Each structure stands twice: as C-alpha cells, then as structure tokens.
Amino acid sequence: MKRAFFIIAAILLLQGTASAKDLFVQSVKAKIMSEPNFKAQVLNTVNRGDKLEQVEEKDGWIKVKTGAASGWINHMAVADNPPMEKVTVITADASDLQEKARKRSSAITSAAAARGLSDAERKRMNEIGQADYRSMAYLEEMSGKISDRDVQDFEAGK
Amino acid sequence: MMKKILLGSALAFLLTVPAAAENVARIRTHNLGQSINTEDIKAEITFGKEVGARILGKYPLYKNDALTRYANLVAKTLAQYSNRPELAFTVGILDTDMINGFSAPGGYIFITRGAIEAMNDESELAAVIGHEMIHICQRHIVKELNIHGTSDSPVMGFSHMIGGAGEAVNLTFVRAVDEATNILFERGYKKQDEIEADTLGVLLAANAGYDPTALVRYFKKIKSGQEKEIASITKLHPSFDERIQWISQSIEKDGLGGNGYKIGKERFNGVLARKD
C-alpha cells in the first residue's frame, strides 16, 4: 500500500515539475539584464536557440535562469518552442498538388496549404483588378535575392 | 478504506490530466507564436499572399528596385531580432501619395511612397516597418479572424479552409481574405493591437540598433501634414497624440533611449536620391 502512495506522490511531483517552463531564444541575440529594463546592467548575451528557464514574468519582461545566474530578458526575444527554420511556400500548379495528395495522404495538408485560391480564381481576381499576383511575385523575388550575409553587411553599415 | 483513497487519488489524477492538457492547449491557442508547426506557418503565408495581392490590387506597386531592396534589407535586419525567425518578410512600396503602411499575415509588409517621402532617415523607416512587423509577429489578423492551422478552431479551421475541397470551403477562404482586407482598409485593428504594434515595433527597431524616438519624431512631423495625405492613417489608427504618449511611456518603462543608436540619414537619402 505504501508503494502505491509513493507512486501517486511521484506522479504528482512529476506533474509539478512539468509546469516549470523552458523558453527558447528566437532573436538572433538578446541581452540578459540585471533589472527589467535596458538601462540596467547587461549580465549576459544569449543567442538564437539558447534554452532558458523562466523564473517569473513582470510587465513584458521575463526573469530567466542561465546556468547559475539569473536575469531579465524582454519577452519579445523568446518563445516556448525552439526557433523554426525559414518556411517557404512554393506555388505548384493544381494538377501537381492533386497528384501528390493522391500518392501520399499526409501530403494533403501541405499541398492544400500551398494552394489557397485556384489558378482560375486568381486569374479572375487579376483581370478585375482586385488582386495583383504578378507584383507579389516581383516582391518575393526581390526579397528572395537577399542573403543572410547581405543582411549582416547591411546591419554593419557596409 | 485505503483502496478507496487510492482509487480516489488515481481518479483525481486522471481527471486533472485532460484538464491540464486542455489548459495548455488553450494557452497555446491564445498565446499564439508558441507551439506552431510548419503547416500552420505555410497556411499563414498562403493566406498572407492572397491578402497581399489584394493590397496590390487596391494600390499599384511602386516598382523601384533600389528602394525595394533597401526597404527589404531594413525589414530583414529587424526580423533578426523578432520572435518569428521562420518568416522571410517581404516589403513592397505602394505607389500613392497617401501616408500609411499595411501588413498581411505570413510576413508581407507594404509602405506607401507618400509615407517614405515624409520620412527623414532610416530609423523612421525602421520604426514604421517595425510597427507593421509586430502586427504580423503577434498575428493580430490571424487572431481576430480566429484562423488556425493544424489545430481545430471553433469558428474556422485553417486546415479545413485551405486544405479541403469544394466550393463551400473555397468560399470560406475568400470570405476570410475579404475580412482581412476589410480590417486593413476599413475597420482598422483593435486599439490594443495598435498599442502593441507601436510599442513593440519601437522595441524591435531599438534592439536592431535604431533610434527608439524615431516613430515619435515621424508622427510629430506627419500629424501637421496635408489632410488628404494622412486621412487614411488617421481613419484607421488612434490619434497621433495618443500614440506618441504610449510610445513615450513604453520607452521610459523599458529603459530605451540614450546615445549610440543609428539614425541612418545618409544611407536613406542616398537611396531616395536613386529612386528616380
């Protein structure tokens, strides 16, 4: 009987520890401050993907543990999931999508996610001047030409 | 007796598990930005492309490679410090004298030529882009329309909306795009969303090294501008005075300000001089 109590106690304890929250840095880098504002002392700098343990939250700032030390990070820099890789949506024609969906049921959502409106509907919207997909394509091409290195150089003022 | 206690404890535990799971799900649903998977992001981008195309259907694109590349570089610099590293972010310039900016889910930002011509430097451009970027990062439209990806939604499941087939499903998608454009052009965002976009946008720009007072400088300049040019921005946003007040309070609270921030006047003027 005692053993059963221990098991239940252990389960309850595990439930308790599960509520301790890990956070992951999303920003390319972020400062850990001694107080919840940017005028305070910078204790440390963390990088994208670093895992932090949330201690408390106050007015847009989160107190976190990083190793033995603890300090404040702005909430905008973190999320409770690890940072994701860049996601792109490749526009495929309808027949290609249907073929993929037929071959692999798990692809249905992916295929559909890339579809949105049908080509015929897009054409109609274009013709009546309610949408401009060609300009969207131009912008995506311009944006896609910019590499991470270009951004780093731009930020450095080069 | 002991068995009853044990049974009771086990039952209580079993009951708390689904309740806790439900709470987590609710938190994840409302605390958007968390626990999102690739399919959700694809759905958001697909939706945003349609909204973006509508914006470009209303206002023609100002096709200027140098200015477009420059605005995209500023946006991508800011994006490095955002909570949405999965989005590529794309900026377009709209060919209108009107002063305003728009954003569509999935990373599409539009700034009017009139807005850029009223700016003094790169930090003001960064502040305006930062404002639009926060609408995207915080998923203001997605939240208002209750759009979700793989998770079920009480109103409309995004996976059903764009993953299903048939006219009814397609109509739902078109209606959601209509509703999003209605928010952008007619209704405006909720006041709380505008406060968030202003204050977090300034924070984002400051984290990227830009002068946190830039947006206040810009508002002070354009609020006394031509009525016709600022009609759209004043129709869709709270008053400039209110916005200046909450931005200033936020700068003070977060300890932003001081020296060492970028203004970028020379580079901004250099690109603008190339636009013609």
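Please refer to the structure higher up on the page.
Residues numbered from 1 in each chain as written. Chains lettered and ligands numbered in written order. Predicted model: local features only at pLDDT ≥ 70, side-chain atom pairs only at ≥ 80, totals over all residues. Heavy atoms only, no water.

A.B. asks: Quick one: what's the story with the overall build of chain B, residue by residue and with numbers?
C.D. replies: Looking only at helices and strands, chain B features 13 helices and five strands. Counting only residues that meet the buried cut, chain B has 59% of its 276 residues in that class. A sequence separation of at least 24 residues applies to 72% of the contacts in chain B between residues at least 6 apart. With the model as given, the accessible surface of chain B reaches about 11,200 Å², and the carbon-plus-sulfur share is 54%. (Helix = DSSP H or I, 4+ residues; strand = E, 2+ residues; numbered from the N terminus. Buried < 20%, exposed > 50% of the residue type's maximum accessible area, 1.4 Å probe, protein only. Contact = heavy atoms within 4.5 Å. Areas by Shrake-Rupley, 256 points an atom, 1.4 Å probe, with all protein chains shown as cover.)

A.B. asks: Outline empty space enclosed by the protein, supporting the account with residue identities and numerical values.
C.D. replies: Residue and element names in this part refer to chain B. Per the stated rule, a full pass over the model turns up five cavities of 30 Å³ or more. The calculated volume of the largest cavity comes to roughly 100 Å³. In terms of lining residues, the largest cavity is bounded by 13 residues, among which V128, E132, F219, I233 and R243 are the most central. Of all elements in the fold, only helix 5 (122-137) and helix 10 (214-222) reach the threshold of two or more residues within the lining of the largest cavity. Taken together, the residues of the lining of the largest cavity sort by class into seven nonpolar, four polar and two charged. What the second largest cavity holds in volume is close to 80 Å³. What lines the second largest cavity is simply G101, F102, H131, E132, H135, I183, L184, G188, Y189, E194, L236 and H237. Listed by contribution, the elements that provide at least two residues to the lining of the second largest cavity are strand 2 (101-104), helix 5 and helix 8 (167-187). (1 Å grid on protein atoms, 1.4 Å probe; cavity = no way out; pocket = protein on both sides within 12 Å on 5 of 7 lines; lining within 4 Å. Points joined across faces, edges and corners; volume = space filled by probe spheres on them. Nonpolar A, V, L, I, M, F, W, Y, C, P; charged D, E, K, R; others polar.)

A.B. asks: Please provide a residue-by-residue account of the sheet that holds strand 2 of chain B, values included.
C.D. replies: Residues and elements named next belong to chain B. An order of 1-3-2 is seen for the three strands of this open sheet, with the pairing classed as mixed. Taken across any chain shown, the strands that pair with only one partner, and hence form the sheet edges, are strand 1 (90-94) and strand 2. Each strand of the sheet is rotated relative to its neighbour by a mean of 20 degrees, with strand direction disregarded. Of the strand pairs in this sheet, strand 1 and strand 3 (residues 108-112) are connected by five bridges, and their pairing is parallel. Pairing of G92 across the sheet is with F110, part of strand 3. (Pairing = 2+ DSSP bridges. Axes fitted to C-alpha atoms, helices over the stretch in contact; angles between N-to-C directions.)

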